[in-house]
Amino acid sequence: MAILVVAAHDGKTVRANVANAVTAAGQMGPDVTVLVAGSNCADAAKSAAALQGVAKVLQAEDAAYANWLAEDIAPLVVKLAPNYSHIVMAADSVGKNVAPRVAALLDVGQVSEAIQVVSPDTFVRPIYAGNAMATVQTADKIKVVTIRPTNFKAAAGGGSAPIEQIGGDGAKGLSSYVGAELSKSERPELTSAKIVVSGGRGLASGENFKLLETLADKLGAGLGASRAAVDAGYVPNDYQVGQTGKVVAPDLYIAIGISGAIQHLAGMKDSKTIVAINKDEEAPIFQVADYGIVGDLFQIVPELTAAVEKK
Amino acid sequence: MKVLVAVKRVIDYNVKIRVKADNTGVETANVKMSMNPFDEIAVEEAIRMKEKGAATEIIAFSAGPAQCQETIRTALAMGADRGVLVQTDAELQPLAVAKLLKAVVEKEQPGLVIVGKQAIDDDSNQTGQMLAALLGWSQGTFANKLNVADGTAEVKREVDGGLENIKIKLPAVITTDLRLNEPRYASLPNIMKAKKKPIETLAPEALGVDITPRLKTLKVEEPPKRKAGIKVKTVAELVDKLRNEAGVI
């Protein structure tokens, strides 16, 4: 049976994590279709068609789909669902919002944040903030699965799948989009950055995050934060790494002034190399760090920034 | 307007969980249990609505074993008016909970349902969205700010790129994110008062809901452990290790 990947996009290209979802979908079955729904989303559909492993792209043009309101998108996915064995979405804020609505309308369960496809009906997923791994099997006829992008390689580009136009069904009138307050940043996106520099309560103020920005810019890194730093208002919510925020797995994760609560570790412990800078040598972050420095971050971070510069 | 909040009894967020030796699940015997932290935020939001006059009555719902009474009592001590417990010792998955909630919603006719965006035990993040789907209601997920007036709810949502504002028709389901509010602690007099508030107990069968799990857990295992690495003394040493040992910069 065929697999349907539901792709979020910005109108021009599908999100980077769609390439990871396509890889995950390919492990569930050989015939992968990508749904690109939106308003003026022809370019996004083309970017999906270019992913290796995609057999077909469905482009659903409708103004109602422009802002990814679950009330309008879910019925479209449900209408297409009988042709597929699996509905797959990346477990980002779009997938988490839309997929359960689709699953309930289909009267099926959902597998959330799969990190491994064991077989077409069996998946591994983290529970308890990643402190346990559950292997779950679903008997539902249509399997709704969200996948954790960092656990699947991104599908390569260079493909040219056919794009089929399908209509939209308009707005249901339950909800409307007002606007967004998006963080503007030239830095790499947190979940796909090769290096992430992350700050916690130890930074003591939002102003002090400038120190981390300078280091991040030297390294070409994305900028993250612990829940404590976000709750304290140092940085916006979309910086949060952890159980209920973003999950990252970069080559290098530098945790600065972060104690390392299990909820934070859940979001970064799959990073290849972890560096911890903290003045408390008992901080739990050191238990997962490959390299740790005990000391004052306000002294160490500028030193590190200068040292990184001198190649 | 009645507001219904759902509260789940979970292992306390401070407890370091242990996987059972036979790999069937996580050890819950003799472990401290609490209300799911996101559900505390849901209860708090409902109470604030009542304090502002936007809500008339708050019903706290839970589903699970008899001990969920305690979780409902906590909500009552915070300020909810009465409780509904769907009591069962069977395993409950999000779709089943959403169906139980739907049955209670149809009975109670609240104008708004507020639930936590996810429970910190199974980390599913599904129940609110599923309930909205089953009821044909709108959904305001991952709420950072909620304003209810004139049959609509303005919801500021926490999304990948920052914040997003939507306007949804009531009745609706809201799921709470961390920054929506800071839940209060129940005061001693309110804890005493809560003991007198009514809790209705129902059986899933009485609601006509099939709660059969859809996912079968084959095994639960410890995650691969990360080994603690080394402590370095100087920044120069760190940069050297990152460049020449780890090869990441």
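Residues numbered from 1 in each chain as written. Chains lettered and ligands numbered in written order. Predicted model: local features only at pLDDT ≥ 70, side-chain atom pairs only at ≥ 80, totals over all residues.

**Re the overall build of chain B**
Here is the rule: We count a stretch as a helix when DSSP gives it H or I for four or more residues in a row; a strand needs E for two or more, and each element gets its number in order from the N terminus. Each residue is classified by how many other C-beta atoms fall within 10 Å of its C-beta atom, where C-beta atoms are placed from the backbone; a count of 20 or more means buried, 12 or fewer means exposed, and values in between mean partly exposed. Residues are treated as contacting if the C-beta atoms built from their backbones sit within 7 Å of each other.
Check the secondary structure of chain B and you find 6 helices and 13 strands. Overall, the C-alpha framework of chain B stretches about 65 × 45 × 40 Å when taken along its three principal axes. Out of the 249 residues belonging to chain B, those deemed buried represent 49%. Counted over contacts in chain B with a minimum sequence separation of 6, partners at least 24 positions apart contribute 69%.

**Notes on helix H6 (residues 235-245) of chain B**
The condition is simple: Note: the arc covers the axis-to-C-beta directions of the helix.
Every buried residue of H6(B) is accounted for by Val235(B), Leu238(B), Lys241(B) and Leu242(B). Seen end-on, H6(B) carries its buried residues on one side only, within an arc spanning 125°. Exposed positions of H6(B) whose direction lies more than 90 degrees from the buried face are Ala236(B), Asn244(B) and Glu245(B). The secondary structure elements touched by the buried residues of H6(B) are strand S14 (252-256), strand S15 (273-278), strand S16 (291-294) and helix H8 (297-309) of chain A. The positive-phi residue at the C-terminal boundary of H6(B) is Gly247(B), with phi of around 65°.

**Describing the packing of helix H4 (residues 93-105) of chain A against helix H4 (residues 127-135) of chain B**
Selection criterion: As a rule, the C-alpha atoms of each element are fitted with a line to give its axis, helices using only the stretch in contact, and angles between N-to-C directions run from 0 to 180 degrees. Working rule for angles: under 35 degrees goes down as roughly parallel, over 145 as roughly antiparallel, 65 to 115 as roughly perpendicular, anything else as oblique. Should the near helix be turned counterclockwise from the far one by less than a right angle, the crossing is left-handed, whereas a clockwise turn marks it as right-handed. Polar here means any residue other than Ala, Val, Leu, Ile, Met, Phe, Trp, Tyr, Cys and Pro, which are nonpolar, and Asp, Glu, Lys and Arg, which are charged; Gly is therefore polar.
Between H4(A) and H4(B), the shortest axis-to-axis distance is 8 Å and the interhelical angle comes to 45°. By the criterion of interaxial angle, the relationship of H4(A) to H4(B) is oblique. Viewed along their axes, H4(A) and H4(B) form a crossing whose handedness is right-handed. Where H4(A) abuts H4(B), its residues Asn97(A), Pro100(A), Arg101(A), Ala103(A), Ala104(A) and Leu105(A) lie against Gln129(B), Met130(B), Ala132(B), Ala133(B) and Leu134(B). Classifying every residue of the contact of H4(A) with H4(B) gives 8 nonpolar, 2 polar and 1 charged.

**Quick look at the environment of Ile195(A)**
Looking at where Ile195(A) falls in the secondary structure, it is placed in strand S12 (residues 195-199). Non-local contacts of Ile195(A), meaning those with residues more than four positions away in its chain, are made with Leu219(A), Gly220(A), Ala221(A), Pro250(A), Asp251(A) and Leu252(A).

**Overview of the interface of chain A and chain B**
Definition in use: Whether two strands pair depends on DSSP finding at least two bridges between them.
Contacts between chain A and chain B engage 72 residues on the former and 63 residues on the latter. Of the pairings in the sheet, the one linking strand S11 (residues 175-182) of chain A to strand S9 (residues 162-169) of chain B comprises 7 bridges and is antiparallel in character. When the sheet's bridge partners are listed, Glu181(A) is paired in S9(B) with Leu163(B).

**Here's the deal with the pairing of S16(A)**
Sheet topology places S15(A) next to S16(A); 4 bridges connect them, and they run parallel. Considered in S16(A), the bridge of Ala276(A) is made with Gly292(A). Pairing of S16(A) with strand S13 (residues 230-231) of chain B, which is carried by 2 bridges, proceeds in the parallel orientation. Counted as the bridge partner of Tyr291(A) is Ile230(B) from S13(B).

**Observations concerning the sheet that holds strand S8 (residues 152-159) of chain B**
The sheet built from 10 strands is open, its strands ordered S11(A)-S9(B)-S8(B)-S7(B)-S10(B)-S6(B)-S1(B)-S4(B)-S5(B)-S11(B) with mixed pairing. Taken across any chain shown, the strands that pair with only one partner, and hence form the sheet edges, are S11 of chain A together with strand S11 (199-202) of chain B. Recorded for the sheet is a direction-independent mean angle of 30° between the axes of neighbouring strands.

**Describing H4(B)**
Taken across its 9 residues, H4(B) has 8 buried, putting it largely inside the fold. Regarding H4(B), the residues found buried are Thr127(B), Gly128(B), Gln129(B), Met130(B), Leu131(B), Ala132(B), Ala133(B) and Leu134(B). Tucked into the core, H4(B) has its buried residues touching helix H3 (70-80) and H4 of chain A together with helix H3 (94-108), strand S6 (112-116), strand S7 (138-149) and strand S10 (172-176) of chain B. Directly beyond the C-terminal end of H4(B), a positive phi value near 70° is found at Gly136(B).

**Observations concerning the pairing of strand S4 (residues 57-64) of chain B**
Residues and elements named next belong to chain B. Counting buried positions along S4 gives 7 out of 8 residues, so the element sits mostly inside the fold. With 5 bridges connecting them, strand S1 (residues 2-6) and S4 associate as parallel partners. By the bridge assignment for S4, Val5 is matched with Ala60. Taken together, the 6 bridges between S4 and strand S5 (residues 82-87) define a ladder with parallel strand orientation. Counterpart to Ala60 in the pairing with S5 is Gly83.

**Remarks on unusual backbone geometry**
Residue and element names in this part refer to chain B. Of note, the bond from Leu170 into Pro171 is cis; its omega dihedral lies within 30 degrees of zero at -5°. With respect to the element layout, Pro171 can be found in the loop between S9 and S10. Phi is positive for Asp150, which is not a glycine, with a value near 50°. Locating Asp150 in the fold gives a position in the loop between S7 and S8.

**Some details on the nonpolar core**
One broad trend across soluble globular proteins is that nonpolar side chains are buried collectively. Formally: Linking buried Ala, Val, Leu, Ile, Met, Phe, Trp, Tyr and Cys residues through C-beta atoms within 7 Å yields a set, and such a set is a nonpolar core.
Ranked by internal contacts, the top residues of the largest apolar core, which has 191 residues, are Val5(A), Ala48(A) and Val5(B). Excluding anything up to four places from it in sequence, Ala48(A) contacts Ala7(A), Val14(A), Val18(A), Val34(A), Val36(A), Val54(A) and Val57(A).

**A short note on the confidence of the model for chain B**
Stated precisely, the cut-off is as follows: Values of pLDDT, ranging from 0 to 100, describe the predictor's confidence in every residue of the model.
The share of residues in chain B with pLDDT of 70 or more is 100%, and the mean pLDDT across the chain is 97. Across the predicted assembly, pTM comes out at 0.96 and ipTM at 0.96.

**Overview of the sheet that holds strand S3 (residues 54-61) of chain A**
All names here are of chain A. Ordered in space as S5-S9-S4-S1-S2-S3-S10, the 7 strands form an open sheet in which the pairing is parallel. Because the sheet does not close on itself, it has two edges, and the strands there are strand S5 (110-114) and strand S10 (163-166). On average, each strand axis in the sheet is inclined to that of its neighbour by 25°, with strand direction left out of account. With 5 bridges connecting them, strand S4 (residues 84-90) and strand S9 (residues 143-147) associate as parallel partners.

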